[in-house]
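# A look at the structure
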Amino acid sequence: MPHSPGFLPATQLEPIMIKLHTNHGVITLNLFEDKAPLTTANFKEYVAAGHYDNTIFHRVIDGFMDQTGDPTGTGTGGSSKPDLKAEFNNEPHVRGVCSMARTNQPHTANSQFFICLDDATFLDRQYTVWGVVTDGMEAVDALPKGEPPRNPGKIVSAKIV
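Residues numbered from 1 in each chain as written. Predicted model: local features only at pLDDT ≥ 70, side-chain atom pairs only at ≥ 80, totals over all residues. Heavy atoms only, no water.

### A few points about the nonpolar core
Keep this limit in mind: As used here, the term nonpolar core means buried Ala, Val, Leu, Ile, Met, Phe, Trp, Tyr and Cys residues forming a set that is joined through side-chain atoms within 4.5 Å. Relative accessibility under 20% of the residue-type maximum defines a buried residue, over 50% an exposed one, and the middle range a partly exposed one, all with a 1.4 Å probe and only protein chains included. Under the scheme used here, helices are H or I runs from DSSP no shorter than 4 residues and strands are E runs no shorter than 2 residues, and both carry numbers assigned from the N terminus. Contacts are assigned to residue pairs that have any heavy atoms within 4.5 Å of one another.
Leu 20, Leu 29, Phe 43, Tyr 52, Phe 113, Trp 130 and Val 133 are the most contacted members of the largest nonpolar core, which has 27 residues in total. Put simply, the parts of the chain that give this core at least two residues each are strand E1 (17-22), strand E2 (25-31), helix H2 (37-49), strand E6 (97-100), strand E7 (113-116), strand E8 (129-135), helix H3 (137-142) and strand E9 (154-160). Leu 20 has contacts with Gly 25, Val 26, Ile 27, Leu 29, Phe 113, Ile 155, Ser 157 and Ala 158, leaving out every residue within four places of it along the chain. Ranked by size, the runner-up nonpolar core spans 7 residues in total, among them Met 65, Ala 101, Phe 114 and Ala 120.

### Points about unusual backbone geometry
In the segment running from Glu 147 into Pro 148, the intervening peptide bond is cis, with an omega of 0°. Its identity is not glycine, yet Asn 54 carries a phi of approximately 65°, on the positive side. Along the chain, Asn 54 turns up in the loop between H2 and strand E3 (55-56).

### Focus: the confidence of the model for the protein
Detailed reading of the predicted coordinates is not advisable wherever pLDDT is low. We apply this condition: A residue's pLDDT is simply how confident the predictor is in it, with values from 0 to 100.
Looking at the protein, pLDDT values average 92 and 91% of them are 70 or higher. Ignoring residues within four places in sequence, the model shows residues 1-11, a span with pLDDT below 50, making 1 contact including any to other chains.

### Overview of the state of the cysteines
Disulfides are covalent bonds that link the sulfur atoms of two cysteine residues. Note the cut-off: We call a pair of cysteine sulfur atoms a disulfide when they lie within 2.5 Å.
Applying the stated criterion to the full structure yields 0 disulfides. The closest cysteine sulfur to the non-disulfide-bonded Cys 98 is located on Cys 116, 8.1 Å from its own sulfur. Taking the relative accessible area as the measure of exposure, Cys 98 reaches 0% and is therefore buried.

### Things to note about H2
Rules: Here the expected span of a helix is defined as 1.5 Å times the quantity of residues minus one. Picture the helix axis, draw a direction to every C-beta atom, and the arc is the one those directions span.
Here H2 is 13 residues long and its end C-alpha atoms lie 18 Å apart, about the 18 Å a rise of 1.5 Å per residue gives. Within the sequence span of H2, burial applies to Thr 39, Thr 40, Asn 42, Phe 43, Tyr 46 and Val 47. Along the axis of H2, the buried positions cluster into a sector of 160°, meaning they face one direction only. In H2, the exposed positions angled more than 90 degrees off the buried face are occupied by Leu 38, Ala 48 and Ala 49. Following H2 by one or two positions, Gly 50 adopts a phi angle in the positive range, close to 80°.

As structure tokens, then:
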């Protein structure tokens with residue numbers, strides 16, 4: 001049945017939002033469910049299960065990105081769930097974009113992700129872009145820098161809105 005003019009599917013009317021409550025402020029993310037359906041479904045499961053609660057930003061490179069999602073806080077861990085099939089798409093890695101971290105093998109993303117602090121288009125179509133910061137970039141920018149930071153910022157809690 002064709003859509004009537006002005007009709008938008010529910011996912012476009014009410015995008016899935018995630019709020020990351022950090023010790024440096026609240027970061028609101030909009031998920032790109034149409035661009036990375038497996039990755040966003042997996043991310044929502046992690047959020048609902050509390051996987052990201054009390055997780056530090058273990059790698060923060062000024063002018064590049066803030067990385068988190070490793071429950072060990074070392075950058076070498078992930079979840080007990082299987083790694084994800086890559087969902088490379090045409091979304092550019094620009095300031096505020098969220099993308100999955102992985103090893104040098106394409107289908108190894110798990111729970112770690114990063115938020116771009118600046119344009120990083122050299123990563124395009126090599127990492128799965130799954131969302132964007134819609135509010136709270138000042139909190140992203142305020143996270144302490146380092147690999148690892150001396151006093152890392154952390155996600156206190158993550159919630160689906």
